[in-house]
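# Structural characterization, general
Listed here are the chains, written in short residue letters.
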Amino acid sequence: MGTIDLKNIVISKISEINDEAFLAAINTILDSKSESILMVSDDQKSSIKKSQKEYLEGNYFSNDSVNEEMEKWLKE
């Protein structure tokens, strides 16, 4: 049995279910496995592009250096 056949069987079985709670549970399972597209606003896209540019230009701190700086602040 191939993927298409299996999808058709599942769709057919789901179409026969009338239990709303059960359908909600199935929906939750499907949501966790679906390949959804992340929707971002223009402002978010701009922020991402700016951050990528900063990273490529070397304008970032390593996790270790940030942790060291925090340790210095905590000791003061």
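Relevant structure appears above.
## Things to note about the overall build of the chain
Helices and strands together make up the secondary structure of the chain, namely four helices and zero strands. Across the chain, helices and strands are ordered from the amino to the carboxyl terminus as α-α-α-α. The C-alpha radius of gyration computed for the chain amounts to 24 Å, which surpasses the reference 11 Å derived for 76 residues by more than 25%, pointing to a less compact arrangement than a globule. Its C-alpha atoms put the chain at 65 × 30 × 30 Å along the principal axes. Here the chain, with 76 residues, has 1% of them falling under the buried criterion. Where the 9 positive side-chain charges of the chain centre and where its 15 negative ones centre are 5 Å apart.

## Focus: the pattern of salt bridges
Counted under the stated rule, the structure contains one salt bridge. Here E57 ties to K53 by a salt bridge, and the two come within 3.3 Å at their closest N and O atoms.

## Quick look at helix α4 (residues 63–75)
Taking 1.5 Å of rise per residue, 13 residues should cover 18 Å, and α4 covers 19 Å from first to last C-alpha, within 8% of that figure. Within α4, only zero of the 13 residues are buried, which leaves the element largely exposed.

## Some words on the environment of I17
Mapped onto the fold, I17 is located in the loop between α1 (3–15) and α2 (20–33). In this structure I17 touches F22, L23 and I26, once residues within four positions along its chain are discounted.

## Quick word on a negative patch on the surface
A surface patch of like charges, here negative, comprises D64, E68, E69 and E76. Within the secondary structure layout, D64 lies in helix α4. Taking relative accessible area as the criterion, D64 reaches 55% and is therefore assigned exposed.

About the thresholds
- Residues numbered from 1 in each chain as written.
- Predicted model: local features only at pLDDT ≥ 70, side-chain atom pairs only at ≥ 80, totals over all residues.
- Heavy atoms only, no water.
- Helix = DSSP H or I, 4+ residues; strand = E, 2+ residues; numbered from the N terminus.
- Rg over C-alpha atoms; globule rule 2.2 N^0.38 Å.
- Buried < 20%, exposed > 50% of the residue type's maximum accessible area, 1.4 Å probe, protein only.
- Lys, Arg positive; Asp, Glu negative; His and termini not counted.
- Charge placed at Lys NZ, Arg CZ, Asp CG, Glu CD.
- Salt bridge = Lys/Arg side-chain N within 4 Å of Asp/Glu carboxyl O.
- Expected span 1.5 Å × (residues − 1).
- Contact = heavy atoms within 4.5 Å.
- Patch = residues over 30% accessible without salt bridge, like charges linked within 9 Å, V, L, I, M, F, W, Y side chains within 5 Å.
- Areas by Shrake-Rupley, 256 points an atom, 1.4 Å probe, with all protein chains shown as cover.

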